[in-house]
Amino acid sequence: EGYYIAAEASNGYRAIQLLEHEEFDLIISDIKMPQMDGIEFLSYVRTNKISNARFIFLSGYYDFQYAKNAILNGCCDYVLKPIQKDELLLTIRRIIEECREESRSYKQKKDVENITIKQHLKAIILGRHDEDSLRYLHENMKFDGKLAYFHIEISLNDERFNGLSKERKKETQ
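The structure reproduced in this document is the subject of the present report. Every chain's residues receive numbers from 1 upward, in the order its sequence appears when written. Local features are withheld for residues below a pLDDT of 70 in this predicted model, meaning they are given only at 70 or higher, and side-chain atom pairs are given and counted only at 80 or more; totals for whole chains, interfaces and linings count all residues. To obtain the side-chain values, all non-hydrogen atoms of the structure were used and water was disregarded.

Some remarks on unusual backbone geometry
With an omega of 0°, the peptide bond between K81 and P82 qualifies as cis. Relative to the assigned elements, P82 resides in the loop between strand 3 (77-80) and helix 4 (85-125). A positive phi is found at Q35, a non-glycine position, where the angle reads about 70°. Secondary structure elements are taken from DSSP: a helix is a run of H or I of four residues or more, a strand is a run of E of two residues or more, and numbering for both begins at the N terminus. Of note, Q35 is situated in the loop between strand 1 (26-30) and helix 2 (38-47). You will see that K49, though not glycine, has its phi angle at about 50°, which is positive. Examined against the element boundaries, K49 turns out to sit in the loop between helix 2 and strand 2 (54-59).

Listed below in structure tokens is the structure:
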């Protein structure tokens, strides 16, 4: 399928230790594990915001309550044992496609945010801004705390600037 097993854990506590040090996209876990069952494991991960990985539970329990608890705790799917290879692969492919779609959607959202920020910055540089532009930039530009001050100045009377072509002036601005 083009994917690999990044790690294995013998119980929920060991899996939590792995999650605290590495990022995983998908976790396939048994419901019944020593020391901490799968639902407790998922609940702990979500409550403590350790990982956003998607979960698939494997279980020999046909009891609806197990599946319901798994879904309520944020599990993506619940596959019954004995595991059918085709069913598990289909489940994994569906979840991977959901991850890809979410990633595309996130990228599109970030692209729109970046374009909007650039438009507001351009309005400020060109002296065409209003209070909404300033407010938008103040609320949406994420500085890392290392930048304390910056200053941009363009003099429209500068001989070097006035000698540029229209395209070059736009590029410079």
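Let's talk about the packing of helix 1 (residues 12-21) against helix 2
Where helix 1 contacts helix 2, the two axes come as close as 10 Å, and the packing angle between them is 30°. Between helix 1 and helix 2, the crossing angle belongs to the class labelled roughly parallel. When you trace helix 1 past helix 2, the crossing you get is right-handed. Facing G12, A15, I16 and L19 of helix 1, the residues of helix 2 in contact are F41, Y44 and V45. Residue polarity is assigned by list, with Asp, Glu, Lys and Arg as charged and Ala, Val, Leu, Ile, Met, Phe, Trp, Tyr, Cys and Pro as nonpolar; anything else, Gly included, falls into the polar class. Across the contact of helix 1 with helix 2, the residue classes tally to six nonpolar, one polar and no charged. Think of each axis as a best-fit line through the C-alpha atoms, taken over the contacting stretch in the case of a helix, with angles from 0 to 180 degrees between the N-to-C directions. Throughout this description, any angle smaller than 35 degrees is read as roughly parallel, any larger than 145 degrees as roughly antiparallel, any in the 65 to 115 degree range as roughly perpendicular, and the remainder as oblique. Take the far helix as your reference; a near helix turned counterclockwise from it by less than a right angle gives a left-handed crossing, and one turned clockwise gives a right-handed crossing. In this analysis, two residues are considered to be in contact whenever any of their non-hydrogen atoms come within 4.5 Å of each other.

Considerations on the nonpolar core
Within this scheme, the nonpolar core is defined by two criteria: the residues are buried Ala, Val, Leu, Ile, Met, Phe, Trp, Tyr or Cys, and they are joined through side-chain atoms within 4.5 Å. Summary of the burial criterion: residues with accessible area below 20% of their type's maximum are buried, those above 50% are exposed, and those between are partly exposed, where the area comes from a 1.4 Å probe applied to protein chains only. Of all hydrophobic cores here, the largest spans 21 residues; its most connected members are L19, F41, V45, F55 and F57. Of all the secondary-structure elements, those providing two or more residues to this core are helix 1, helix 2, strand 2 and helix 3 (64-72). One finds L58, V79, L88 and I95 within the second-largest nonpolar core, a separate group that totals seven residues.

Some words on the packing of aromatic side chains
The pairing test for Phe, Tyr and Trp rings, Trp by its six-membered ring, is centres within 6.5 Å, and the orientation test on the planes gives stacked under 30 degrees, edge-to-face over 60, and tilted for anything in between. Tallying each qualifying case throughout the model produces two aromatic pairs. Aromatic pair F41 and F55: ring centres 5.3 Å apart, planes at 65°, arrangement edge-to-face. Remark: F55 occurs in strand 2 and F41 occurs in helix 2; sequence separation between them is 14 residues. For F55, a relative accessible area of 0% puts it in the buried group. Relative to F57, the ring of F55 has its centre 6.1 Å away and its plane inclined at 45°; by these criteria the two rings are tilted.

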